[in-house]
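Chain residues, written in single-letter form:
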Amino acid sequence: MKLHSYDINPKYDNSVAYFSMEFAIAQSLKIYSGGLGFLAGSHMRSAYDLKQNVVGIGLLWSFGYYDQSRNEDRTLRPSFTRKFYYFLEELDVHVTVRVHDEDVRIKAFLLHPDVFGTAPVILLSTDTNDNDYLSRTITHKLYDGNERTRVAQEIVLGVGGTKVLEALNHKVDIYHMNEGHALPLVYELYGKHYQTMEELREHVVFTTHTPEAAGNEEHDIHFLHEMGFFNGHSLETIRKLSGYEHEENFSLTVGALRSAKIANAVSKIHGIVANKMWAHIDDRCEIISITNAQNKKYWTDKTLIRALDEHEDYEIMARKKHLKKLLFNLVADQTGKMFDPEVLTIVWARRFAEYKRPDLLKYDLERFVKLITDEERPVQIIWAGKPYPFDQGAIDTFNELIRISHHYKNTAVITGYELRLSRLLKQGSDIWLNTPRITREASGTSGMTASMNGSIHFSIDDGWHPEFARDGKNAFTIPSADPDLPIEEQDRQDYENMMDVLNNKIRPLYYDNPAEWVEVMKNAMSEIEADFDSGRMAREYYERMFTI
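To keep things clear, this report deals only with the structure shown in the data block. (Residues numbered from 1 in each chain as written. Predicted model: local features only at pLDDT ≥ 70, side-chain atom pairs only at ≥ 80, totals over all residues. Heavy atoms only, no water.)

**Some remarks on the pattern of salt bridges**
For step 1, the next point in the chain: Taken as a whole, this structure holds 37 salt bridges when the rule is applied.
For step 2, the next point in the chain: Residues K362 and D359 are paired through a salt bridge, measuring 3.9 Å at the closest nitrogen-oxygen approach.
For step 3, the next point in the chain: Judged by its relative accessible area of 12%, K362 is buried.
For step 4, the next point in the chain: For D359, a relative accessible area of 25% translates into the label partly exposed.
For step 5, the next point in the chain: Here E527 ties to R470 by a salt bridge, and the two come within 2.6 Å at their closest N and O atoms. Here E527, found in helix 20 (residues 514–532), pairs with R470, found in the loop between helix 18 (465–468) and strand 20 (476–478); they are 57 residues apart in sequence, far enough to count as distant.
For step 6, the next point in the chain: Judged by its relative accessible area of 30%, E527 is partly exposed.
For step 7, the next point in the chain: We classify R470 as partly exposed; its relative accessible area is 37%.
For step 8, the next point in the chain: If you follow the salt bridges from partner to partner, you end up with E354, R357, R437, D491 and D494 in one network. (Salt bridge = Lys/Arg side-chain N within 4 Å of Asp/Glu carboxyl O. Buried < 20%, exposed > 50% of the residue type's maximum accessible area, 1.4 Å probe, protein only. Helix = DSSP H or I, 4+ residues; strand = E, 2+ residues; numbered from the N terminus.)

**Structural notes on the nonpolar core**
For step 1, the next point in the chain: Residues I122, F229, F250, F458 and W517 are the most contacted members of the largest nonpolar core, which totals 152 residues.
For step 2, the next point in the chain: Not counting the four nearest positions on each side in its chain, W517 is found in contact with L344, D430, I431, I456, F476, I506, L509 and Y510. (Core = buried A, V, L, I, M, F, W, Y, C linked by side-chain atoms within 4.5 Å. Contact = heavy atoms within 4.5 Å.)

**Concerning unusual backbone geometry**
For step 1, the next point in the chain: The backbone of H311 sits at a positive phi, close to 60°, despite the residue not being glycine.
For step 2, the next point in the chain: Structurally, H311 is set in the loop between helix 12 (302–309) and helix 13 (313–335).
For step 3, the next point in the chain: We note that R357 has phi near 55°; this positive angle belongs to a residue other than glycine.
For step 4, the next point in the chain: Position of R357 among the secondary structure elements: in the loop between strand 15 (344–349) and helix 14 (365–372).
For step 5, the next point in the chain: Note on R357: relative accessible area 2%, which makes it buried.

**Here's the deal with helix 20**
For step 1, the next point in the chain: For helix 20, with 19 residues, the first-to-last C-alpha span of 26 Å sits near the 27 Å given by 1.5 Å per residue.
For step 2, the next point in the chain: Turning to helix 20, its buried residues number three or more, namely W517, V518, V520, M521, K522, A524, M525, I528 and F532. (Expected span 1.5 Å × (residues − 1).)

**Some points on the packing of helix 13 against helix 20**
For step 1, the next point in the chain: Axis separation between helix 13 and helix 20 bottoms out at 11 Å; the angle between their running directions is 85°. Considering their axes alone, helix 13 and helix 20 lie roughly perpendicular with respect to each other. Counted together, D313, I316, M317 and K320 of helix 13 and V518, E519, M521, K522 and M525 of helix 20 form the full contact between these two elements.
For step 2, the next point in the chain: Residue classes in the contact of helix 13 with helix 20 are distributed as 5 nonpolar, no polar and 4 charged. (Axes fitted to C-alpha atoms, helices over the stretch in contact; angles between N-to-C directions. Parallel < 35°, antiparallel > 145°, perpendicular 65-115°, else oblique. Nonpolar A, V, L, I, M, F, W, Y, C, P; charged D, E, K, R; others polar.)

**As for the pairing of strand 7 (residues 102–111)**
For step 1, the next point in the chain: Pairing analysis gives 2 bridges linking strand 5 (residues 89–90) to strand 7, with the strands arranged antiparallel. The residue bridging E89 from the neighbouring strand is L110, located in strand 7.
For step 2, the next point in the chain: Sheet topology note: the strand 6 (residues 95–99)/strand 7 ladder contains 5 bridges and is antiparallel. Counted as the bridge partner of V99 is E102 from strand 7.
For step 3, the next point in the chain: Remark: 2 residues form the turn of the hairpin made by strand 6 and strand 7, two consecutive strands paired antiparallel; H100 in that turn has positive phi of roughly 55°.
For step 4, the next point in the chain: Pairing of strand 7 with strand 8 (residues 121–125), which is carried by 5 bridges, proceeds in the antiparallel orientation. Of the residues in strand 8, the one forming a bridge with L111 is V121. (Pairing = 2+ DSSP bridges.)

**Let's talk about a negative patch on the surface**
For step 1, the next point in the chain: On the surface, a cluster of negative charge is contributed by D309, E310, E312 and E315.
For step 2, the next point in the chain: Turning to its location among the elements, E310 is positioned in the loop between helix 12 and helix 13.
For step 3, the next point in the chain: What makes E310 partly exposed here is its relative accessible area of 47%. (Patch = residues over 30% accessible without salt bridge, like charges linked within 9 Å, V, L, I, M, F, W, Y side chains within 5 Å. Areas by Shrake-Rupley, 256 points an atom, 1.4 Å probe, with all protein chains shown as cover. Lys, Arg positive; Asp, Glu negative; His and termini not counted. Charge placed at Lys NZ, Arg CZ, Asp CG, Glu CD.)

**Regarding the environment of P10**
For step 1, the next point in the chain: With respect to the helices and strands, the residue P10 is situated in the segment before strand 1 (16–20).
For step 2, the next point in the chain: The exposed category is assigned to P10, whose relative accessible area is 72%.

**Remarks on the environment of H100**
For step 1, the next point in the chain: As for its placement among the helices and strands, H100 is situated in the loop between strand 6 and strand 7.
For step 2, the next point in the chain: Since its relative accessible area comes to 35%, H100 is described here as partly exposed.
For step 3, the next point in the chain: Once the C-alpha coordinates of H100 and F229 are considered, the two residues, 129 residues apart in sequence, prove to be 8.7 Å apart.
For step 4, the next point in the chain: With sequence-adjacent residues up to four places away left out, H100 is seen in contact with R148, E226, M227 and G228.
For step 5, the next point in the chain: Within the structure, the side chain of H100 is placed 2.9 Å from the side chain of E226, a separation counted as a polar contact. (Polar contact = N/O pair within 3.5 Å; in protein donor to acceptor, adjacent residues only side chain to side chain.)

**Points about helix 4 (residues 147–167)**
For step 1, the next point in the chain: For helix 4, with 21 residues, the first-to-last C-alpha span of 29 Å sits near the 30 Å given by 1.5 Å per residue.
For step 2, the next point in the chain: Approximately 30° is the largest bend angle found in helix 4, and it occurs at G160.
For step 3, the next point in the chain: In terms of burial, helix 4 is largely enclosed, as 16 of its 21 residues are buried.
For step 4, the next point in the chain: N169 sits one or two positions beyond helix 4 and adopts a positive phi of about 60°. (Bend = angle between axes of the 7 residues up to and from the residue.)

As structure tokens, this is what we get:
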């Protein structure tokens with residue numbers, strides 16, 4: 001079956017199957033949670049723009065990640081609503097995978113390239129009448145909290161995706177695992193398509209996205225074997241193939257590093273961290289760095305970019321204020337607060353996780369109150385983002401910020417952080433705040449799309465930021481604490497440094513020198529494109545990873 005609606009550019013002729021647990025492609029296709037999906041979505045868009053021979057393989061989540069609702073007291077309430085997608089084509093293929101010694105039937109749906117301007121994406125579902133209820137639930141919720149369900153999802157993605165491609169007679173040169181979730185594809189390929197691991201490795205590549213433990217899954221090897229993760233191979237065979245001769249805990253990341261010919265980290269700093277983190281692993285592949293990027297064509301406000309291209313400073317500021325008004329209409333609708341487009345507006349918006357420190361601004365509550373009640377150089381602050389629905393600590397932080405915001409007219413916590421809101425926040429903010437603990441943010445791509453829209457990145461010097469930032473010229477950098485310090489001391493120092501930059505550089509520049517502020521905006525919008533548009537990234541993957 002021909003999956004591509006476009007003629008493949010001969011430069012990108014190698015056939016790549018891009019396996020990812022999530023894709024953030026369009027607001028109307030809710031099969032993503034955060035940065036991993038945003039990255040995969042931009043990659044699919046740029047693959048389309050460049051006419052690359054790429055096919056995405058993912059899962060069709062019946063209930064998505066979750067919908068961000070509110071309780072009566074306005075605190076967060078995760079809700080799960082069944083989704084329907086009439087723009088997907090059901091494919092006439094029928095494949096089965098074994099999960100816990102049971103046959104699970106898989107339906108496949110095609111997102112045609114011309115629907116949203118992406119490479120073709122095949123989405124798999126077990127939510128079909130051919131399966132019993134338990135099997136149907138495998139593709140109900142992205143990142144299900146049940147360990148058995150999570151492993152079953154990975155079997156469906158890796159084994160099921162590979163079988164669907166085979167059923168479609170779609171030749172694949174390179175299997176790309178975007179994180180370790182799709183690792184079972186290796187055990188489907190071994191012995192069936194490739195008789196040795198040396199031969200198999202030449203066709204498998206891997207992207208590691210995070211140094212966080214939660215993003216580097218580990219499970220008991222006997223449990224994985226029982227679940228069918230190893231696709232029927234004996235435990236003795238798996239121990240030999242994976243290098244886990246004696247250990248009982250099996251890391252998906254280590255399994256991927258030992259099964260791929262090459263792997264990549266997602267920023268230069270992350271490359272250093274990842275190589276150090278996995279230095280003790282024998283027989284692993286090389287880890288290079290390919291810095292993440294985002295699709296400019298999708299994310300930018302076209303009128304703002306036109307004003308930049310025409311060197312119209314007045315038009316840039318006028319358009320930015322208009323975009324702020326559009327954002328503030330949503331703020332008013334959700335919170336009843338009327339924000340002022342003339343006031344410096346700071347946004348912290350991304351996945352709510354403890355190490356990202358969404359609440360760092362209120363570290364010293366007395367100083368926080370002083371900041372937001374200052375009428376000489378006022379600020380407005382907006383928080384948004386989705387905590388993992390079963391991470392009570394992150395939900396508590398989200399709710400605490402809501403409770404604090406009730407007391408001040410110029411702070412707001414917004415729900416519904418998905419693609420549409422993310423774009424609105426980036427286009428309608430002045431400052432995009434990023435506060436991870438140093439070395440723990442692998443990339444952090446949200447600041448790229450903010451910079452594309454003239455929202456200046458104000459960040460810890462981690463992830464992609466040091467590859468771009470010229471402090472005070474196109475971004476603002478928070479001097480980072482020593483990562484070897486105790487967490488409490490890191491937080492204190494980072495907070496002090498952040499407030500010093502905010503009070504002594506950012507606020508004076510915004511209010512006292514608006515012409516210079518526009519120059520920083522223009523520099524950010526102009527300089528972000530060369531290295532951080534996903535066209536560069538998609539080309540680099542072909543040049544450095546997708547070769548045979």
